[in-house]
Structures are given as C-alpha cells and as structure tokens.
Amino acid sequence: MRRRIQWLTHRLGASGQTPKWLAWATINLSIAAYFCVGLVAPASIGKTRWLPGETSHGHYQIEMDCDACHDPSRNTKKPTSADVMQDACIRCHGTQLQNARDTHPAKKFRDPTNAVLLEVLDAQNCLSCHQEHVPEQTTAMGLTMPKDYCWHCHQEIADSRPSHQGMAFDSCATAGCHNYHDNRALYEKYLDDHFGQPDHLDVTTLPLRRSSSAGNGSTKKVISLSIQDADYSPGQSFDTQLVNDWAETEHAAVGVNCTGCHRDDAQSDWSDAVSMDRCARCHADQVDSFQTGKHGMRLSVGLPAMTPDQARLPMHADQAHSKLDCNACHAGHRFDSQFASMQACLRCHADNHSLAYQSSSHANLWRDEIAGSLPAGSGVSCATCHLPRLENESGVWVNHDQNANLRPNETMAREVCVHCHGLEYALSALADQKSIDACFADPPATRIKSVEMAHQWFESRSTNRSTKGGGR
Ligand code: HEC
Ligand code: HEC
Ligand code: HEC
Ligand code: HEC
Ligand code: HEC
Ligand code: HEC
Ligand code: HEC
Ligand code: HEC
Ligand code: HEC
Ligand code: HEC
C-alpha cells in the first residue's frame with residue numbers, strides 16, 4: 001500500500017501538473033474519510049460494511065436503517081447482538097400478531113404452569129426463533145431454528161390424540177396443519193364449521209367497494225366537479241390531458257379539486273409534487289397499510305422509495321427505477337383502480353407465478369367481469385388475492401399491505417378464497433407449491449387432511465358423550 005502511494009505521488013509530482021503536497025493530502029483525506037464516514041454518516045450510508053451477513057428476505061429493504069432494530073444509545077459506534085431491541089420487533093409487528101390472535105403470545109408463558117417450558121426454549125423472546133444476518137440458518141418467514149421445536153413443548157400430543165400417532169416430529173407446522181402465531185384459518189372449530197363444503201360455492205362474489213355515489217363514508221352532500229371548476233391558476237402550463245383525466249374520474253366526481261392534493265391548505269402555495277401524506281388526509285387506512293408491506297416499508301422508515309432494481313424477486317428490467325409510491329399503481333390523474341389491480345402489477349413483477357396468471361381460469365373471470373359479462377365482484381385479479389377487500393365498521397376498504405396475508409398463506413384462505421371456494425379446497429391449493437407457481441391454473445393435486453380430522457375429533461367427542469349418557 002505504501003509503495004503504491006509513493007509510486008502514485010511520484011507519478012503525480014513528476015508529471016508537473018499536481019504539486020506533491022496536494023496529492024498527499026488528497027490521498028490521506030480519502031483514506032481517513034473512508035474509515036470515518038460510517039461513524040458520523042446518517043443511517044443510510046456507510047454502515048452496511050458492518051453487516052455480519054445478508055439480512056433476511058423480510059428486512060433487507062430496511063437493513064440500512066440499523067437503528068430500526070439496534071439501540072443506538074446502548075452503543076453509539078457499531079451495532080452488536082446485545083443491543084437488539086425486542087421492543088422494536090413489537091413496535092412494527094405487535095398489532096399484526098394481535099390481529100392474528102397469536103396462539104403463542106409471550107403472556108401465555110407468564111402463567112406459572114407454562115413458565116417451566118421456557119427452560120426448553122425462551123418463547124418470550126422473538127430472537128429465540130427469529131435471528132438476523134444469518135442467511136445459512138434462515139428459512140421461510142425469517143425462521144432461524146430447527147423444524148422439530150414444536151415437539152419440545154407438545155410431546156404429550158401423540159398420546160392424547162390417537163389421530164396424531166406416528167406423525168413425524170417436524171410435521172406439526174406443515175402447510176394446512178398448524179402455525180405458531182396465526183391459526184385463524186386452522187383452529188378446530190373453524191375447520192369443523194367448514195367441513196363438507198363443495199369445492200366451488202354457489203355464490204361466488206367478493207364484497208363490493210363503496211362507490212362515489214356512497215361517498216367517502218361521510219353523509220356530507222357530494223358536489224361533483226367538471227373541467228370548468230378545476231382550480232389551478234390560469235398561468236400554469238402542463239399537459240391538458242391530465243385535466244380531462246381528473247374530470248372523468250372519481251376525484252372530480254366526489255368534489256376533490258386540484259388544490260385538494262396540490263396545496264396543504266388554503267394559504268399555502270401550489271406544489272407539483274404530491275406526497276402520500278396528502279393522500280393520507282382522506283385515505284388514512286390505505287396509506288398506513290401500504291407502509292407495513294414490502295411496497296412501502298422503506299418509506300415508513302424514512303428511506304427513499306423502493307425500486308425494482310433493488311428487489312430480490314425477478315422484475316421487468318424496463319421498470320428498474322420506478323418508484324414505489326401511490327402512483328406506482330394508480331397512474332396519472334385517473335387513479336384507476338382497475339388498471340391498478342392487474343396491468344400495473346405486471347409492469348414490474350416477472351416471477352413465474354405472476355407471469356402464469358394470464359392463463360389461469362381466474363384471469364378469465366376477471367376479463368369477463370371487466371367486459372361486463374359477469375357481475376361486479378366475480379373476477380379474480382392479482383389485487384383480489386394480494387390487496388384484499390376487507391370489512392370494518394366504516395365499510396369495505398382495500399388493505400394495501402400485500403404481505404399481510406401472504407405468509408403463512410392460510411391467512412389468504414380465510415380472507416379471500418372462502419368467498420368462492422370450500423375451505424378444504426382452498427387450503428389444499430395453498431399447500432401445493434406447484435399450484436402456486438402456476439398461479440392456480442389447475443385444481444390441487446392432493447387434499448389436506450386437517451378439515452376432516454377436526455370433524456372426526458368433534459364427532460368422536462359427541463359420540464363419547466352420548467355413550468356416557470347425555471354428557472354435559
Ligand atoms: C430488522 C432488524 C435489524 C436491522 C435493520 C439490523 N439488524 Fe443487526 N441484528 C438484528 C438481530 C435480530 C440480530 C441478532 C441478535 C442476536 O443474535 O441476539 C442482529 C445482530 C447483529 C450483529 C451481531 C452479529 C453477531 O454475529 O454477533 C451485528 C454486528 C449487526 N447486527 C449489525 C447490523 C448493522 C451494521 C445493521 C445496519 C447496516 C443492522 N445490523 C441492521 C436485527 C437487525
Ligand atoms: C418459538 C418460536 C417463535 C418465537 C419465540 C417467535 N416466533 Fe415468530 N414465527 C415463528 C414461526 C414458526 C413462524 C412461521 C409461521 C407460523 O408458524 O406462524 C413465525 C412467523 C412470524 C412472522 C411472519 C408471519 C406472521 O404470522 O405474521 C412474524 C412477523 C413473526 N413471526 C414475528 C415474531 C415476533 C415479533 C416475535 C416476538 C414477539 C416472534 N415472532 C416470536 C416462531 C416464533
Ligand atoms: C421498522 C419496522 C420493523 C422492525 C423494527 C422489525 N420488522 Fe420484521 N418486518 C417488517 C416488515 C415491513 C416486514 C415485511 C413485510 C411482512 O412480511 O410482513 C417484516 C418481516 C418480518 C418477518 C418475515 C415475514 C415473512 O413473511 O417472511 C419476520 C419473521 C419478522 N419481520 C420478525 C421481526 C422480528 C423478530 C423483529 C425484531 C428483531 C422485527 N421483525 C423487526 C418490519 C419491521
Ligand atoms: C415454548 C413451548 C412451546 C412451543 C415451542 C410450541 N408451543 Fe404450542 N403451546 C404451548 C403452550 C404453553 C400452549 C397453551 C396450552 C394451553 O393453553 O393449555 C400451546 C398451545 C398450542 C395449541 C393450541 C392453541 C390454541 O390455543 O388454540 C396448538 C395447536 C399448538 N400449541 C401447536 C404448536 C405448534 C404447531 C408448534 C410449533 C410450530 C408449537 N405449538 C410450539 C407451548 C409451546
Ligand atoms: C387526488 C390527488 C390529485 C388531484 C385531485 C390532482 N392531482 Fe395533480 N398530481 C397528483 C400527483 C400524485 C402527482 C404526481 C406528483 C409526483 O410525482 O410527485 C401530480 C402531478 C401533477 C403535476 C405535475 C406533473 C405533470 O404531470 O405535469 C401537475 C401540473 C398537476 N398534477 C396538475 C393538476 C391539476 C391541474 C389538477 C386539477 C385538474 C390536479 N393536478 C389534480 C395528484 C393530484
Ligand atoms: C380531499 C380528499 C382526498 C384526497 C387528498 C385524495 N383523495 Fe382519493 N378519493 C377521495 C374520495 C372522497 C374518493 C371516493 C371514495 C373512495 O373511493 O374512498 C377517492 C377515491 C380514490 C380512489 C378510488 C378511485 C376509483 O376509481 O375507484 C383512489 C385510487 C384514490 N382516491 C387515490 C388517491 C391518492 C393516491 C391520493 C394522493 C395522491 C388521493 N386519493 C388523495 C378523496 C381524496
Ligand atoms: C401495488 C399497487 C398499489 C399501490 C402502490 C397503491 N394502490 Fe391503492 N389500490 C390498488 C388497487 C388494486 C385498488 C383496487 C382494489 C379493488 O378494487 O379491490 C386500490 C384502491 C385504492 C383506493 C380505493 C379503495 C378503497 O380502499 O376504498 C384508494 C383510496 C387507494 N387505493 C389509495 C391508495 C393510496 C393513498 C396509495 C399510496 C399510499 C395507494 N393506493 C397505493 C393498488 C395500489
Ligand atoms: C413499481 C413496481 C411494482 C408494482 C407496480 C407492483 N409491485 Fe409488487 N413489488 C415490487 C417490489 C420491488 C417488491 C419487493 C420485492 C423484493 O423485496 O424482492 C414487491 C413486492 C411484492 C410482494 C411481496 C413479495 C414477497 O415475497 O414478500 C407482492 C405479493 C407483490 N409485490 C404483489 C404486487 C401486486 C399484486 C401488485 C399490483 C396490485 C404489485 N405488486 C405492483 C414492485 C412492484
Ligand atoms: C388466487 C390468488 C392469487 C392470485 C390471483 C395471484 N396470486 Fe400472487 N400469490 C398467491 C399466493 C398464495 C402466493 C404464495 C404465498 C406463499 O409464499 O405461500 C403468491 C405469491 C406471490 C408473490 C411472491 C412470489 C415469491 O416468490 O415470493 C408475488 C410477487 C405475487 N404473488 C404477485 C402476483 C401478481 C403480480 C399477480 C397477478 C398477475 C398474482 N400474484 C396473482 C396468490 C395469488
Ligand atoms: C371471486 C371468486 C373467487 C375467489 C376469491 C377465488 N377463486 Fe379460485 N376459482 C373461482 C372460480 C369461479 C373458479 C372456476 C373457474 C372455471 O372453472 O372456469 C376457480 C378456480 C380455481 C382453481 C382451479 C383452476 C382450474 O382451472 O381448474 C383453483 C386451484 C383455485 N380457484 C384456487 C383458489 C385459491 C387458492 C383462492 C384464494 C387464494 C381462490 N381460488 C380465490 C373463483 C374464485
């Protein structure tokens with residue numbers, strides 16, 4: 001290294017164009033800068049070189065923001081394994097696990113009868129099962145532990161449930177059987193309630209979204225606007241097509257004028273750029289949920305928007321630099337949700353599953369719905385499965401977190417498939433990786449057993465009770 005530098009300064013000095021001292025200073029400064037930048041730089045620069053290993057599929061997008069998980073007040077220089085905050089995991093995932101009615105929450109193990117189990121495995125600590133930066137140990141869903149761990153706490157199950165005799169130690173969490181956290185589509189009562197359903201239900205429609213005529217959940221009278229009402233200043237120049245697009249679509253119909261998006265309030269100046277905070281004033285649920293999934297997670301921690309060139313999944317090269325913001329799917333001033341449901345996705349996504357969609361029977365249904373030969377809500381677009389329509393107190397809304405029901409995928413069965421299919425059929429298709437890869441072009445190859453097992457369990461219990469003479 002020293003010899004190289006000497007050689008370099010010699011060359012620069014000898015050439016007569018740069019004085020020797022300047023060359024020295026430049027080189028020294030660059031070396032110092034290289035080693036110091038990580039200490040003082042903002043989260044996004046420099047610290048990656050301290051990463052001990054590749055970050056998991058779930059978190060790599062925000063890995064630059066070390067402080068999201070490592071407590072900077074514990075060690076100001078360099079993150080370590082000792083300063084990881086369990087609080088941070090719960091801050092980002094707590095609500096999600098609560099909504100999923102987590103069947104193994106930390107509080108379950110505070111109960112003295114269960115507390116002994118913690119000697120086997122500290123189930124109150126997320127890091128017992130989910131470590132980071134250890135790619136060679138990490139499996140799906142950020143898991144970093146061997147598969148047979150259920151058995152350590154549930155060894156008695158083979159005796160108490162004859163149906164479970166002879167099952168492999170590591171088979172409990174096989175698709176369609178049990179999950180550790182989220183069992184909303186797998187608990188026995190739910191399975192039994194859906195026993196005996198046909199593969200294809202008679203009525204197959206999704207909840208319908210509220211339309212402009214219903215307004216934005218408010219009872220205020222809506223005054224729709226037309227081109228003449230547009231409130232931009234006369235001096236402004238831009239492609240007039242955007243005014244037509246606005247006038248022909250939803251926002252004009254519900255009375256949202258140009259300045260509703262382009263100005264913060266009546267006093268502020270016009271701004272061409274419109275951030276998602278503006279949208280949030282009227283669409284809080286969509287903006288919040290967008291930020292907890294893979295599309296919006298970088299924006300949520302203050303990093304620049306995600307772009308396809310940073311993705312690990314296959315993407316179309318021509319969209320490499322498209323920013324993932326609200327306009328990524330709701331292009332232009334039409335904010336067209338039909339375009340957003342499928343064409344928009346396929347501009348970016350290029351994995352086998354996404355590419356197979358067009359030849360599935362679901363895609364035929366979607367095309368028929370758009371053509372008007374099937375009623376609204378009978379088609380299945382990408383968004384039907386990945387941005388599901390959910391119902392809450394204020395009506396139907398679109399969950400913009402495409403990861404919320406993705407893994408474990410039984411969540412999707414309960415939120416989406418059971419509108420149209422029997423539960424057993426849906427769980428079987430979702431347990432079949434080949435079927436997923438082909439975007440459900442064929443019926444599932446095999447059937448999962450859990451629905452039938454749950455039914456038999458309830459049957460045998462009621463037979464036991466009646467033979468004992470009436471039961472409780
Ligand atoms: C999504 C959360 C998250 C982010 C973001 C994150 N880490 Fe970590 N990091 C962890 C977890 C979890 C561990 C494992 C802790 C344990 O083993 O107890 C860890 C461990 C480490 C370790 C110790 C590894 C070892 O072998 O002992 C280092 C060093 C580290 N991280 C550096 C970084 C740096 C540098 C960044 C930012 C560039 C970063 N981490 C970003 C979660 C994160
Ligand atoms: C005893 C092991 C264990 C512990 C402890 C644990 N998990 Fe998990 N986690 C799992 C398993 C197994 C999965 C795979 C999906 C499943 O079976 O539910 C998972 C999946 C997840 C997922 C993705 C799927 C989903 O249901 O949303 C998140 C997020 C998650 N865990 C967060 C956490 C957090 C936060 C903590 C700490 C409060 C935690 N986990 C503690 C075993 C564990
Ligand atoms: C800044 C917010 C944030 C923090 C802090 C954070 N996560 Fe995550 N995590 C996410 C997001 C966003 C995803 C990707 C979307 C998803 O899969 O839900 C994710 C993904 C995951 C997954 C994988 C889910 C899958 O489907 O593959 C697991 C498991 C997980 N997180 C557990 C943890 C644990 C344990 C910690 C604490 C060490 C933690 N997270 C800290 C935001 C966070
Ligand atoms: C650290 C110990 C521990 C581990 C590991 C563990 N469990 Fe549990 N599990 C418990 C405890 C404690 C209960 C609560 C039992 C009760 O309420 O009587 C429970 C309850 C359950 C239930 C009944 C859930 C309900 O309330 O409806 C099922 C099913 C289950 N576990 C399956 C699993 C599976 C599958 C795994 C592995 C993916 C697993 N468990 C891993 C300790 C554990
Ligand atoms: C629902 C919100 C919304 C409404 C209503 C709206 N815009 Fe926009 N507008 C946007 C967004 C989002 C962008 C893209 C900004 C960016 O890329 O940061 C944009 C961009 C623009 C731009 C700059 C980019 C370009 O294409 O030239 C102009 C000019 C513009 N809008 C004019 C108007 C006019 C005139 C109206 C009324 C007829 C209007 N907008 C109504 C959201 C809106
Ligand atoms: C001043 C309030 C307001 C603002 C600001 C606003 N919207 Fe809207 N938007 C509405 C109302 C009201 C509707 C009609 C009811 C509904 O669908 O929620 C609507 C409808 C929509 C629709 C559905 C369109 C359709 O054809 O189905 C989309 C998509 C949309 N907005 C996106 C956005 C985006 C993106 C932004 C930010 C760039 C934004 N909106 C800003 C009030 C607003
Ligand atoms: C990945 C693509 C995608 C992105 C990014 C996206 N949307 Fe959407 N959005 C959709 C789709 C698809 C629908 C219609 C789904 C349906 O009809 O079931 C929709 C519907 C909507 C609606 C009307 C439906 C409702 O929930 O009432 C609003 C409002 C909306 N989006 C706002 C936003 C905002 C605000 C952002 C930015 C935070 C955003 N969208 C980002 C795909 C997207
Ligand atoms: C501007 C490009 C773009 C558009 C448009 C887009 N996506 Fe994405 N999508 C991405 C990127 C980038 C990721 C993150 C991939 C990664 O981390 O490897 C992603 C992630 C996802 C994931 C999570 C994958 C995982 O393994 O966690 C799903 C599901 C998804 N997108 C579905 C959709 C759907 C459905 C639409 C349309 C409604 C859509 N996307 C529109 C670029 C896009
Ligand atoms: C009938 C429901 C359904 C439809 C329609 C659908 N998907 Fe999926 N998608 C799934 C399921 C299920 C998974 C796998 C989840 C898992 O990992 O178990 C998945 C996975 C994905 C992934 C992650 C792939 C990976 O390797 O991690 C992306 C990206 C995605 N879908 C995008 C799309 C796009 C884009 C479309 C439309 C062209 C689409 N999907 C249509 C159900 C659907
Ligand atoms: C809006 C209703 C609807 C939803 C939601 C829906 N499907 Fe379907 N699906 C259908 C209909 C109708 C068919 C039969 C189409 C045909 O035969 O033309 C079908 C066909 C299928 C097929 C067989 C494909 C073939 O060509 O034989 C599979 C597998 C499938 N769906 C799985 C799923 C899964 C898994 C989900 C949830 C992630 C789901 N579907 C969600 C309506 C729906």
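Presented here is an overview of the structure given in this document. (Residues numbered from 1 in each chain as written. Chains lettered and ligands numbered in written order. Predicted model: local features only at pLDDT ≥ 70, side-chain atom pairs only at ≥ 80, totals over all residues. Heavy atoms only, no water.)

Thoughts on the coordination of the iron atom of ligand 3
Right, so step 1: Protein coordination of the iron atom of ligand 3 is provided by His59 (NE2) and His93 (NE2), with donor distances spanning 2.0 Å.
Right, so step 2: If you look at the iron atom of ligand 3, its six donor atoms make angles of 87 to 179° with each other, and the shape they trace is octahedral. Residue His59 is located in the loop between helix H2 (20-40) and helix H3 (86-99), and its partner His93 is located in helix H3; the two are separated by 34 residues in the primary sequence. (Donors = N, O, S within 2.8 Å, 3.2 Å for Na, K, Ca; no water. Tetrahedral: all angles 85-135°; square planar, octahedral: opposite > 155°, others 65-115°. Helix = DSSP H or I, 4+ residues; strand = E, 2+ residues; numbered from the N terminus.)

Topic: the site of ligand 10
Right, so step 1: Looking at ligand 10, there are 19 residues lining it, with His362, Cys417, Cys420, His421 and Ala441 nearest.
Right, so step 2: A distance of 2.8 Å separates a nitrogen atom of ligand 10 from a polar side-chain atom of His421.
Right, so step 3: Taking Ala441, its main chain carries an N or O atom lying 3.0 Å from an oxygen atom of ligand 10.
Right, so step 4: Mapping ligand 10 onto the cavity grids shows that it belongs to the second largest pocket.
Right, so step 5: Secondary structure elements with two or more residues in the shell around ligand 10: helix H17 (361-371) and helix H20 (423-430).
Right, so step 6: With three residues, the top contributor of residues to the shell around ligand 10 is H17. (Near = heavy atom within 4 Å. Polar contact = N/O pair within 3.5 Å; in protein donor to acceptor, adjacent residues only side chain to side chain. 1 Å grid on protein atoms, 1.4 Å probe; cavity = no way out; pocket = protein on both sides within 12 Å on 5 of 7 lines; lining within 4 Å. Sits in = over half its atoms within 2 Å of the grid points.)

A word on the pairing of strand E1 (residues 389-392)
Within a regular strand, side chains alternate between the sheet's two faces.
Right, so step 1: In the sheet, E1 pairs with strand E2 (residues 395-398) via four bridges, with the strands oriented antiparallel. Bridged to Arg389 within E2 is Val398. (Pairing = 2+ DSSP bridges.)

Examining the coordination of the iron atom of ligand 4
Think of it this way: four donors in a tetrahedron around the metal ideally sit 109.5 degrees apart, and six in an octahedron ideally sit 90 or 180 degrees apart.
Right, so step 1: The protein atoms that coordinate the iron atom of ligand 4 are His104 (NE2) and His154 (NE2), at distances of 1.9 to 2.0 Å.
Right, so step 2: Taken together, the six donor atoms coordinating the iron atom of ligand 4 and their angles of 88 to 179° define a geometry best described as octahedral. Taken as a pair, His104 in the loop between H3 and helix H4 (112-115) and His154 in the loop between helix H5 (149-153) and helix H6 (157-160) lie far apart in primary sequence, 50 residues in all.
Right, so step 3: For His154, a relative accessible area of 38% gives the class partly exposed. (Buried < 20%, exposed > 50% of the residue type's maximum accessible area, 1.4 Å probe, protein only.)

Looking at the site of ligand 7
Right, so step 1: Not every one of the 21 residues close to ligand 7 is listed here, only the nearest: Gln286, Cys326, Cys329, His330 and His400.
Right, so step 2: Side-chain polar atom of Arg389 to an oxygen atom of ligand 7: 2.6 Å apart, as the coordinates give it.
Right, so step 3: One nitrogen or oxygen atom from the side chain of His400 is found 2.9 Å from a nitrogen atom belonging to ligand 7.
Right, so step 4: Elements that contribute at least two residues to the shell around ligand 7 include exactly helix H12 (284-290), helix H14 (337-341) and E2.
Right, so step 5: When the residues that make up the shell around ligand 7 are grouped by side-chain class, the tally is ten nonpolar, seven polar and four charged. (Nonpolar A, V, L, I, M, F, W, Y, C, P; charged D, E, K, R; others polar.)

Describing the state of the cysteines
By definition, a disulfide links the sulfur atoms of two cysteines through a covalent bond.
Right, so step 1: Going through the model one piece at a time under the given rule, you end up with zero disulfides.
Right, so step 2: With no disulfide of its own, Cys439 has Cys382 as its nearest cysteine by sulfur position, at a separation of 7.0 Å.
Right, so step 3: Residue Cys439 is classed as buried on the basis of its relative accessible area of 9%. (Disulfide = S-S within 2.5 Å.)

Concerning the nonpolar core
Right, so step 1: Judged by nonpolar contacts, the single largest core of 17 residues is most densely connected at Leu191, Ala413, Leu423 and Leu427.
Right, so step 2: Taken together, the elements giving at least two residues each to this core come down to helix H7 (188-193), H20 and helix H22 (450-467).
Right, so step 3: Among the elements that line this core, the one with the most residues is H20, at five residues.
Right, so step 4: Dropping the residues within four chain positions of it, Leu191 is found in contact with Ala185, Leu186, Leu423, Leu427, Ser450, Val451 and Ala454.
Right, so step 5: In terms of nonpolar packing, the next biggest core, distinct from the first, is built from nine residues, Leu346, Trp366, Cys382 and Cys439 among them. (Core = buried A, V, L, I, M, F, W, Y, C linked by side-chain atoms within 4.5 Å. Contact = heavy atoms within 4.5 Å.)

A look at the layout of surface pockets
Right, so step 1: Roughly 480 Å³ of volume is contained in the second largest pocket.
Right, so step 2: Elements represented by at least two residues in the lining of the second largest pocket include exactly H17, helix H18 (382-386) and H20.
Right, so step 3: Here the lining of the second largest pocket takes four residues from H20, the largest share from any one element.
Right, so step 4: When the residues that make up the lining of the second largest pocket are grouped by side-chain class, the tally is 16 nonpolar, nine polar and one charged. (Points joined across faces, edges and corners; volume = space filled by probe spheres on them.)

What to know about H17
Right, so step 1: Buried within H17 are the following residues: His362, Ala363, Trp366 and Glu369. Viewed along the axis of H17, the buried residues span an arc of 120°, placing them on a single side of the element.
Right, so step 2: Structurally, H17 contributes buried residues whose contacts are with H14. (Arc of directions from axis to C-beta.)

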